[in-house]
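# Notes for the structure review
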Amino acid sequence: MSDTSHPGLVDAHHHVWNPDDRPQPWLDVPGHEPLRRSFDTDDLRSAATRPIAGRRLESSVVVQCVPSSSETRDLLALADEDPLIGAVVGWVDLTGPAIGDVLDELCAGPGGSYLRAVRHLVQDEQDPRWLRRPTVERALRTVGERGLGYDVLIRDHQVPQAVGLAERLPELPLVLDHAGKPPIAGGDLTGWERDVRRLAGHPQVRCKLSGLITEADHEQWTLADIRPVWDVLLSAFGPYRLMFGSDWPVCVLAGGWNRWAATVEELLTGCSADETEAIIAGTALDFYRLTPAERTPACS
């Protein structure tokens, strides 16, 4: 059930970066030219001017970009200074031998109480069994034991890996980033839908309504392209396990924050007030333990 007393919108997925301070090799991909500059939280504030269901942006979850513990430390320190950020999804080496020590160090450092989940760029891994590696599974058990969740970043053909992970680690809170990147531009959602419905069968899994417009035709997508994905997600997860995310500033490639917010509001037509509240705030509040009045450390 969502927290209906919360007055604002939660953006459950955005990034900040400065290529001059930390290289972002993925920005070298052709077509990413609009992203090859610094983006900070003030850029997000300036971009996110459109409300959803009358709610304006109040809190956000900032998510790692590169496999770097130093980036995670910087994000935690930023969260300690910037009231917009309510939680951090960081990176740690899930194949390393001292995962517990690394997590404890992060949680004990500046802004450590904002660490709520970790993420690995599984979408870039060629090993089809990466999430089944014993070292990774042991590390993720430790993540769960520290009271943290795991953001699952995968492409549509990798969703079965997430299904297996959910089966093996039922106590680990999972959230599927960008709905598993359905092949919207390709048009055939059959395999993605089958696997996402299997994943949604595991109650510890949440799903981010984010990153969809960059899986569609960047120049020509319409609401009609997004709606079939929305229909699957709403049917599979239900409104109380979905959360809004912008994927700012990556969404700039396909229309930007406000256009995505307008699209989400259209998709929410027909949802009750409580269901809408869950999607635009409540699910993220629960999963990332966002508390407007006080910050509750997740690490223990």
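Residues numbered from 1 in each chain as written. Predicted model: local features only at pLDDT ≥ 70, side-chain atom pairs only at ≥ 80, totals over all residues. Heavy atoms only, no water.

### Focus: the overall build of the chain
In terms of helices and strands, the chain carries nine helices and eight strands. In the chain, which comprises 300 residues, the share counted as buried stands at 57%. Total accessible area on the chain stands at roughly 12100 Å², and carbon and sulfur atoms take up 49% of it. Looking at charge distribution, the chain has the averaged site of its 29 positive side-chain charges lying 4 Å from that of its 45 negative ones. (Helix = DSSP H or I, 4+ residues; strand = E, 2+ residues; numbered from the N terminus. Buried < 20%, exposed > 50% of the residue type's maximum accessible area, 1.4 Å probe, protein only. Areas by Shrake-Rupley, 256 points an atom, 1.4 Å probe, with all protein chains shown as cover. Lys, Arg positive; Asp, Glu negative; His and termini not counted. Charge placed at Lys NZ, Arg CZ, Asp CG, Glu CD.)

### Comments concerning the pairing of strand β1 (residues 9-14)
Most of β1 is tucked away, with six of its six residues classed as buried. The pairing of β1 with strand β2 (residues 57-63) spans four bridges and is parallel. Counted as the bridge partner of H14 is V62 from β2. Each parallel crossover has a hand, and for β1 linked through helix α1 (residues 41-47) to β2 it is right-handed. (Pairing = 2+ DSSP bridges. Right-handed = clockwise from strand over helix to strand, strands pointing away.)

### Quick notes on unusual backbone geometry
For the bond from W248 to P249, the omega torsion is -5 degrees, close enough to zero to count as cis. With respect to the element layout, P249 can be found in the loop between β8 (242-244) and α8 (257-267). With phi around 50 degrees, A53 is a residue other than glycine that occupies positive phi space. Tracing the chain through its elements places A53 in the loop between α1 and β2. The phi torsion at H178 lies on the positive side, around 55 degrees, for a residue other than glycine. Positionally, H178 belongs in the loop between β6 (174-176) and α6 (190-200).

### Regarding the pattern of salt bridges
A complete count under the given rule lists 18 salt bridges for this structure. Across the pair D42 and R45 runs a salt bridge, and its minimum N-O distance is 3.1 Å. With a gap of three residues between them, D42 and R45 both fall in helix α1, about one helical turn apart. Of the charged contacts, one joins R55 and E277 as a salt bridge, the two residues approaching to 2.7 Å between their closest N and O atoms. On the criterion of sequence distance, the pair formed by R55 in the loop between α1 and β2 and E277 in helix α9 (residues 273-287) is long-range, its members being 222 residues apart. For R55, a relative accessible area of 22% translates into the label partly exposed. Salt bridges sharing partners connect three or more residues here, namely R119, D151, D177 and K208. (Salt bridge = Lys/Arg side-chain N within 4 Å of Asp/Glu carboxyl O.)

### A few points about the pairing of strand β7 (residues 205-209)
As a general feature of sheets, a regular strand has side chains that alternate between the two faces. Counting buried residues along β7, four of its five residues qualify, which places the element largely inside the surrounding structure. Where β6 and β7 come together, three bridges link them in parallel fashion. Looking at the pairing, V175 lines up with R206 of β7. Crossover β6 to β7 through α6 is right-handed. Assessed by its sense of winding, the connection that carries the chain from β7 through helix α7 (residues 223-237) to β8 is right-handed.

### Considering the packing of helix α3 (residues 99-108) against helix α4 (residues 134-145)
Where α3 meets α4, the axes come as close as 9 Å, and the angle between the chain directions of the two elements is 35 degrees. Pair α3 / α4 crosses with right-handed handedness. Each of I99, G100 and L103 in α3 lies in contact with α4, whose residues at this interface are A139, T142 and V143. In terms of residue class, the contact of α3 with α4 is built from four nonpolar, two polar and no charged. (Axes fitted to C-alpha atoms, helices over the stretch in contact; angles between N-to-C directions. Left-handed = near helix turned anticlockwise from the far one by under 90°. Contact = heavy atoms within 4.5 Å. Nonpolar A, V, L, I, M, F, W, Y, C, P; charged D, E, K, R; others polar.)

### Concerning the sheet that holds β6
With respect to topology, eight strands assemble into an open sheet ordered β1-β2-β3-β4-β5-β6-β7-β8, the strand pairing being parallel. The two strands at the open ends of the sheet, each matched to only one other strand, are β1 and β8. For this sheet the average axis-to-axis angle between neighbouring strands, irrespective of direction, equals 25 degrees.

### So, the confidence of the model for the chain
Summing up the model confidence of the chain, the mean pLDDT is 94 and the portion of residues at 70 or higher is 94%. Across residues 292-296, where pLDDT falls below 50, the model places eight contacts with residues more than four positions away in sequence or in other chains. (pLDDT = per-residue confidence, 0-100.)

### Things to note about the environment of I213
With respect to the element layout, I213 can be found in the loop between β7 and α7. Sequence-wise, I213 and H202 are eleven residues apart; in three dimensions their C-alpha atoms are separated by 26 Å. Not counting chain neighbours up to four residues away, the residues in contact with I213 comprise H218, W221, I226, C251, A254, G256 and W260.

### Things to note about the state of the cysteines
Within the structure shown, the criterion is met by zero disulfides. With no disulfide of its own, C207 lies 14 Å from the sulfur of C271, the closest cysteine sulfur. Note on C271: relative accessible area 17%, which makes it buried. (Disulfide = S-S within 2.5 Å.)

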